[in-house]
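Below, each chain spelled out in residue letters.
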Amino acid sequence: MIDTASSMGILSMALMIGSFIFWAWALIDILKSDFKDSINKLIWLLVVFFLYALGALLYVIIGRNQKKS
């Protein structure tokens, strides 16, 4: 039987790995994309880099609409 502390450790590790993958995906998407304004790319890179998962979430909600079609 798995104890609660062990399962919480596994869950927290999975959340950390998932948030890292989400963060890395956002950074790669920003680097590969062209934005309407060239300064937006730099701004989004800084936001995602320094705010980590929150920055990546903001980028998905707001920033992806600022890319060129």
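Below or above, wherever it landed, is the structure these notes cover. (Residues numbered from 1 in each chain as written. Predicted model: local features only at pLDDT ≥ 70, side-chain atom pairs only at ≥ 80, totals over all residues. Heavy atoms only, no water.)

1. Thoughts on the packing of aromatic side chains
What the rule picks out here adds up to 6 aromatic pairs. With 5.7 Å between their ring centres and 65° between their planes, Trp 44 and Tyr 59 make a pair best called edge-to-face. Given the relative accessible area of 9%, Trp 44 is considered buried. Ring plane angle 85° and centroid distance 5.1 Å describe the contact between Phe 49 and Phe 50, whose orientation is recorded as edge-to-face. Accessibility expressed as a relative area gives 63% for Phe 50, which makes it exposed. These aromatic residues form a ring-pair network of at least three members: Phe 20, Trp 23, Phe 49, Phe 50 and Tyr 52. (Phe/Tyr/Trp six-rings, centres within 6.5 Å; stacked < 30°, edge-to-face > 60°. Buried < 20%, exposed > 50% of the residue type's maximum accessible area, 1.4 Å probe, protein only.)

By themselves these figures say nothing about function.
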